[in-house]
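# Working through the structure, step by step
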Amino acid sequence: MSIAQERRLVTEIPGPGSLERLDRKKAHVADGVGTTLPVFIVEAGGGVLVDVDGNHLIDLGSGIAVTTVGNAAPSVVRNVQEQVAKFTHTCFMVTPYDGYVDVCAALAELTPGDHAKKSALFNSGAEAVENAVKIARVATGRDAVGVFDHAYHGRTNLTMAMTAKNMPYKNGFGPFAGEVYRAPMSYPLRDGLTGEQAAARAIDVLDKQVGAANLACLVIEPIQGEGGFVVPAPGFLPALAAWAEENGIVFIADEIQTGFCRTGDWFACDHEEVVPDLVTTAKGMAGGLPLAAVTGRAELMDSVHVGGLGGTYGGNPVACAAALGAIEEMRTEVLDARARELGAIMATRLGELAAQHEVIAEVRGRGAMMAIELCAPGTTEPDPVRTAAVSAYCHQNGVVTLTCGTWGNVFRFLPPLAISDTLLEEAFDVVAEAFAATGG
Ligand SMILES: *Cc1c(COP(=O)(O)O)cnc(C)c1O
C-alpha cells in the first residue's frame, strides 16, 4: 500500500486548498449536488482518503458502500488499465464482448439460489431497480409495485416513487410514477414485533389496499440503507418471500447496498436463506466504476421481448473489467469473512459506547454495515441534532462518517473491507471522543 495507512491532519478540515476549490464548486456545480464533507480528494487506498492539503482521513463510508474492496484496489486497477487500452466501448447491444458475459456468469454463481439465472447490466442502482420492475410487469402482466416504509431505491421518477423519504429525494420533483404502494417495514426498535407479526401486518396492508392478484412485485432491501440501516426482525423476509411465491408476486431483493460481502455474506438474503426471484446489485460490485445488474430466474428474465432491455452504456467493458477484478479480490481474500471480523470489532466498540451514552437507543447491522440510532434517552424520539454534532466532530478530526435514516438520527459505518484493524479501532476512538465532546 503506497498510501500511509494512518490518520494525519496537517490543516483544519476543510483546509485552505479545499476551501479554495469549494468556491470553484459553488461557481460551477449546481447547488442541488451537495457534499457531506467538503475536502477535495487526490488519492485513496486501503482505509484512507488523502485530500489536496495532505490530510489523511480514515474512511468509514466507502463512497456510500462502493469501495468494498478498497479504493483503487490493485486487482481493479490492473483489469481497468488492461481493458481501457484495448477498447473502451462498443455498446453490447451492437457488438458484444466477453467481459459482460463473464460478469453475468459470476452473478449467476454468486447470487442466492442454485436455479438457472440470467442477468442484464446497467449503469446505476436506480436503473437496475427500474428494470427489475419492468421485467416483473412483463412476466406477470400486472402493474402494482409493493415497497416499504423507509425504503430507498433511487432518484429517477419511478424509483423516487418507490423511495419513502421526501427531503431531499422527492420534494418538488413530482408527479411521481403511479401504481406504487407502501407497506409497513419490520423495525424492531420502533414496533416491537416479531418478524412473523410484522410480515402479517405488511401482508394485510398489501392484500386489503392493493390485492395480491394485482401485485407484479414486492421490492425490499434486506437491510435498509439510506432509510436507517433497519434490520428486519428474523422471519420477516422469509414470510414475505413465501407469501409472494404463493401469490405469483415477483420477490425482488434490492441488494444494491447490502450485496457483495458487505454484510458478512455474499448477499444479505443469504443470512436467512431467502432466495429472491430477482436481485438488483450495484454499489460494491465494481470497485468504484459505475455498473449495476438485475439477476434472476432465467424464465423471468427471458419473459422480456428481444431489444426490451438495455441502454447505451449498460455493462461498459471497462466497468465489467473492474467488476471482474473486484469479484476476484472478494473471492481470493474471502472478504465475506473479513466483513464479519470488522463487524465484530464495530459491534464491540458500539456496544461499549451505547453502555456509556443513553442517547444511543440501538446498535444494529450485520458485518461491515453497522449503525447506531440516536434518540432522546429512554424514548424512541429521534435526535438528529446530536447525530449531526457527533458526525461533525468526526469530520473535523479526520474520520469520514455518514448519517442516514428517515429522521436523520442514524450514524452508519461502512468501512472498506481493506481497512486494517488498527485503523478501524483508531476511527472508533475518534467516534468515542465525539460522543464525549458533544455532551450527554
Ligand atoms: C444507492 C441505492 C440505490 C440507488 O443506486 P444509484 O446507483 O445511486 O442509482 C438503490 N437502492 C439501494 C438499496 C441503494 O442503496
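Throughout, a residue's number is its position along its own chain's written sequence, starting from 1. Where totals are concerned, whole chains, interfaces and linings use all residues; where local detail is concerned, this predicted model gives features only for residues with pLDDT of at least 70, and gives and counts side-chain atom pairs only at 80 or more. To get the side-chain values, all heavy atoms of the structure are used, and hydrogens and water are removed first.

By the naming in an unreviewed UniProt entry, the protein chain is (S)-3-amino-2-methylpropionate transaminase, taken from Nocardioides caricicola. For the record of the protein chain, the UniProt heading Sequence similarities (unreviewed entry) holds the text "Belongs to the class-III pyridoxal-phosphate-dependent aminotransferase family." UniProt positions are given in the numbering used here, feature names are shortened, and annotations may be inferred rather than shown by experiment.

## Notes on the overall build of the protein chain
Counting its regular elements, the protein chain contains 14 helices and 15 strands. C-alpha atoms define the radius of gyration in this analysis, and the globule rule sets the expected value at 2.2 Å times the number of residues to the power 0.38. Relative to the compact-globule value of 22 Å for 440 residues, the protein chain shows a C-alpha radius of gyration of 21 Å, a close match. With respect to the principal axes defined by its C-alpha atoms, the protein chain has extents near 60 × 60 × 45 Å. Sequence-distant contacts in the protein chain: of pairs separated by 6 or more residues, those separated by 24 or more amount to 74%. Counted charges follow a simple rule, with Lys and Arg positive, Asp and Glu negative, and His plus the chain ends left uncounted. Charged side chains are reduced to one point each, which is NZ for Lys, CZ for Arg, CG for Asp and CD for Glu. Treating the 31 positive side-chain charges of the protein chain as one cloud and the 52 negative ones as another, the clouds have centres 4 Å apart. By the criteria applied, helices consist of DSSP H or I runs no shorter than four residues and strands consist of E runs no shorter than two, each listed in order from the N terminus. The criterion used for residue contact is that any of the two residues' heavy atoms lie within 4.5 Å.

## Overview of the environment of Ser124
Secondary-structure assignment places Ser124 in the loop between strand E4 (117-122) and helix H5 (125-140). Type-normalised accessible area, obtained with a 1.4 Å probe on protein chains alone, sets the label of each residue: buried when under 20%, exposed when over 50%, and partly exposed for intermediate values. Note on Ser124: relative accessible area 32%, which makes it partly exposed. Between the C-alpha atoms of Ser124 and Ala293, which are 169 residues apart in sequence, the distance is 8.4 Å.

## Quick notes on the site of the ligand
Lining the immediate environment of the ligand, one finds Ser124, Gly125, Ala126, Tyr152, His153, Glu221, Asp254, Ile256, Gln257 and Lys283. Take Asp254: an N or O atom from its side chain is 2.7 Å from a nitrogen atom of the ligand. As used in this structure description, the phrase polar contact means that two N or O atoms lie within 3.5 Å; if the pair is within protein, one of them must be able to donate a hydrogen and the other to accept it, and residues adjacent in sequence are counted only when both atoms belong to side chains. With respect to the ligand, the side chain of Lys283 contributes an N or O atom lying 2.6 Å from an oxygen atom. To be clear on the numbers: accessible area is Shrake-Rupley with a 1.4 Å probe, and residue cover counts the displayed protein chains and nothing else. For the ligand, the protein covers 82% of the area, taking 380 Å² as the surface of the free molecule. Among the residues making up the shell around the ligand, the classes are represented as three nonpolar, four polar and three charged. Residues are classed as near a molecule or strand on a simple rule: at least one heavy atom within 4 Å of it. Put simply, Ala, Val, Leu, Ile, Met, Phe, Trp, Tyr, Cys and Pro go in the nonpolar bin, Asp, Glu, Lys and Arg in the charged bin, and everything else, Gly too, in the polar bin.

## Things to note about the state of the cysteines
By disulfide we mean two sulfur atoms from cysteines, separated by a distance within 2.5 Å. Per the stated rule, a full pass over the model turns up zero disulfides. Cysteine Cys91 remains unbridged, with the sulfur of Cys320 as its closest cysteine sulfur at 12 Å. No disulfide involves Cys394; its sulfur sits 14 Å from that of Cys404, the nearest cysteine.

## Concerning the domain arrangement of the protein chain
Domain ranges listed in this record stem from an automatic or a database domain assignment. Each domain of the protein chain was delimited in the assignment, giving domain 1 (16-59 + 335-437) and domain 2 (74-332). Between domain 1 and domain 2, the contact holds 31 residues from the first and 26 residues from the second. Counting each side, the surface lost to burial between domain 1 and domain 2 is near 2300 Å², with a carbon and sulfur contribution of 57%. The term salt bridge refers to a pairing of a side-chain nitrogen on Lys or Arg with a carboxyl oxygen on Asp or Glu at a separation within 4 Å. For the pair domain 1 and domain 2, the interface holds two salt bridges. Here Arg412 makes a salt bridge to Glu226, at a shortest N to O gap of 3.0 Å. Buried surface area refers to the total accessible area, computed with a probe of radius 1.4 Å, that the two partners give up upon joining, counted for both partners together.

## So, the layout of surface pockets
Put plainly, a pocket is an open set of points on a 1 Å grid over the protein atoms alone with protein on both sides within 12 Å along at least five of seven lines, a cavity is a set where a 1.4 Å probe fits but cannot get out, and a lining residue has an atom within 4 Å of a point. Grid points are joined across faces, edges and corners, and a volume is the space filled by probe spheres set on the points. Of the volumes computed, that of the second largest pocket is approximately 440 Å³. Lining the second largest pocket are 23 residues, with Tyr100, Ser119, Ala120, Asp302 and Leu309 positioned closest to its centre. For the lining of the second largest pocket, the secondary structure elements donating two or more residues are helix H4 (98-110) and E4. By residue number, the principal contributor to the lining of the second largest pocket is E4, which donates five residues. Classifying every residue of the lining of the second largest pocket by side-chain character gives 13 nonpolar, eight polar and two charged.

## Things to note about the sheet that holds strand E14 (residues 402-404)
Two strands pair if DSSP finds at least two bridges between them. Pairing within the open sheet is antiparallel, and its four strands lie in the order E11-E12-E15-E14. The outermost strands of the open sheet, each flanked by one partner alone, are strand E11 (360-366) and E14. When strand polarity is set aside, the average angle formed by the axes of neighbouring strands in this sheet is 25°. As paired elements, strand E12 (residues 369-374) and strand E15 (residues 410-413) share four bridges and run antiparallel to each other. Across the sheet, the residue bridging to Ile372 is Phe411, located in E15. Axes, fitted as lines to C-alpha atoms, cover a helix only where it is in contact. Angles between the N-to-C directions of the axes lie from 0 to 180 degrees. Along the sheet, helix H13 (residues 384-396) makes contact with E12, E14 and E15, crossing E15 at roughly 35°. Where helix H14 (residues 421-437) meets the sheet, its contacts fall on E11, E12 and E15, and the angle it forms with E15 comes to roughly 165°.

## Thoughts on unusual backbone geometry
That bond from Ile13 to Pro14 is cis: its omega, -5°, falls within 30 degrees of zero. Structurally, Pro14 can be placed in the segment before helix H1 (16-28). Across the junction of Met167 and Pro168, the peptide omega takes the value 0°, indicating a cis bond. Residue Ser62 is not a glycine yet carries a positive backbone phi of 50°. Considering the arrangement of structural elements, one finds Ser62 in helix H2 (residues 62-65). According to the relative accessible area criterion, Ser62 is buried, its value standing at 0%. If you check the backbone angles, Ile64 has positive phi at about 60° while not being a glycine. Within the secondary structure, Ile64 is located in helix H2. With a relative accessible area of 33%, Ile64 lands in the partly exposed category.

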